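So you can see what is in the structure, the chains are spelled out below.
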Amino acid sequence: MMPIYKFSSDSQSQPDGSITMTNATTYLELENANWVYEGKAIVRDIECHAWIAKRTDWPKMAISQGYEVNSTWEYFFTDLEWTADGSKMSSEKGRPVRVEIQATWKLNDTINTTHEVQNIYHFMKASHEVHLFDIQNCYKPKETKMLAFMFNGTNLYNTVVLNNTRQFTTDVRNAIAKYAKVSALRVVDVFADDVKGHLKVWFSLLDKPHIMGDVTGVLPQNNLTVAYNNLMNAINAGIMKFNVMYKQRTHTLTVRSKSLVEDGDNPIPPQPPADVVHKGYSSGAMVGLAIAMILIGGALGLGVGFYLWKHNKGFSYQVQE
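Residues numbered from 1 in each chain as written. Predicted model: local features only at pLDDT ≥ 70, side-chain atom pairs only at ≥ 80, totals over all residues. Heavy atoms only, no water.

Counting 34 residues, the largest nonpolar core has Phe 149, Phe 151, Phe 168 and Phe 203 as the members making the most contacts within it. Contributions of two or more residues to this core are made by strand E8 (144-150), helix H3 (156-161), helix H4 (165-180), strand E9 (187-195), strand E10 (198-206), helix H5 (224-236) and strand E11 (241-246). Looking at this core element by element, the count peaks at seven residues for H4. The contact partners of Phe 168, leaving out residues within four places of it in the chain, are Phe 151, Val 160, Val 161, Ala 192, Leu 199, Val 201, Val 244 and Leu 253. Listed in part, the 16 residues of the second largest apolar core include Leu 28, Val 69, Phe 77 and Ala 103. (Core = buried A, V, L, I, M, F, W, Y, C linked by side-chain atoms within 4.5 Å. Buried < 20%, exposed > 50% of the residue type's maximum accessible area, 1.4 Å probe, protein only. Helix = DSSP H or I, 4+ residues; strand = E, 2+ residues; numbered from the N terminus. Contact = heavy atoms within 4.5 Å.)

Structure representation (structure tokens):
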């Protein structure tokens, strides 16, 4: 597990001392600068618009160490009418293409200059999605509980899960996190299936993370025992309810009271026992039948061959000239 540092490019400090993931604007360092439009430019054969700004607040780590840094930033964004293939239907419009940074670093009587060029490819602005992050490999097995519960109602799998797995998984994950009073990142391996006409969900609940870093205001988190008890109490009381979106309709689901179980040995629905007798032929019977058919076929072939040999008078044929 790696610490989260307050000066990394993908995190930012908050006034309360906590650290959060940056958004697109902060990640590109577009905040706290007076941007001036320069005009159009061609960058990497792409039609762009150029913007420039002067800054004295970057990089924060160097400034915190006593450096005086003056930098000039020049950003290039794709023209709103430009597309790679010339079509009008494209997601390439308005994307950042390149940033050039020229900076002067001064510490006491030492002055250094730098010139940095960063090319940006396939940038996409989107909200953070929990399913894209997996932190379970940071935990030991004893710091995880494998759990499962059932829902009230029948035929729910076909109603809210079938062809809707990602949305259902997201909704149930957020609901578990809400009632356990933990981050949704601590709810992993969510799996749903139909068990004898009833919807069952399996998942793993993680303990609170052990993170050491520059965070000064660590947000309090419930440990695994407290989180499990919170979830169990809500389910036993019959109050764990949440909405699931399916085909643009909202369905309200209620978890069956007292259905929460530790189900570590059953990550998928149980299969029929191996000793169940099925109708039809067994594998041994089929092998015996195959051998018998081979013997019968061989005997018939030999008999027909012997008969033809004993009565052979030659084959009638004509020679064509």
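With 16 residues, H4 extends 22 Å between its outermost C-alpha atoms, agreeing within 8% with the 22 Å of an ideal straight helix rising 1.5 Å per residue. Inspection of H4 places Phe 168, Asp 171, Val 172, Arg 173, Ala 175, Ile 176, Ala 177, Tyr 179 and Ala 180 among the buried residues, and these make up the whole buried set. Trailing H4 by a residue or two, Lys 181 shows a phi angle of about 60 degrees, which is positive. (Expected span 1.5 Å × (residues − 1).)

A separate point is the pairing of E11. Residues Phe 242, Val 244 and Tyr 246 line the buried face of E11, whereas the alternating positions Lys 241, Asn 243 and Met 245 sit on a face that is not buried. Relative to strand E12 (residues 249-254), E11 runs antiparallel, the two sharing six bridges. Looking at the pairing, Tyr 246 lines up with Arg 249 of E12. Where E11 hands over to E12, the hairpin turn is made up of two residues, of which Lys 247 adopts a positive phi near 55 degrees. (Pairing = 2+ DSSP bridges.)

It is worth spelling out the pairing of E8 at this point. Burial within E8 is extensive, with five of its seven residues counted as buried. By the bridge criterion, seven bridges tie E8 to E10 in an arrangement that is antiparallel. Across the sheet, the residue bridging to Lys 145 is Leu 205, located in E10. Inspection of the sheet shows E8 paired to strand E13 (residues 261-262) by two bridges, in the antiparallel sense. By the bridge assignment for E13, Ala 148 is matched with Val 261.

Let's shift gears to the sheet that holds strand E4 (residues 46-55). Taking strand neighbours across the sheet as the criterion, the five strands line up as E3-E4-E5-E6-E7 in an open arrangement whose pairing is antiparallel. Two strands close off the open sheet at either side, each with one partner strand: strand E3 (36-43) and strand E7 (110-119). Ignoring which end each strand starts from, the neighbouring axes of this sheet average 20 degrees apart. Examined bridge by bridge, E3 and E4 share seven bridges and lie antiparallel to one another. Among the inter-strand pairings, Ala 41 is bridged to a residue of E4, identified as Cys 48. (Axes fitted to C-alpha atoms, helices over the stretch in contact; angles between N-to-C directions.)

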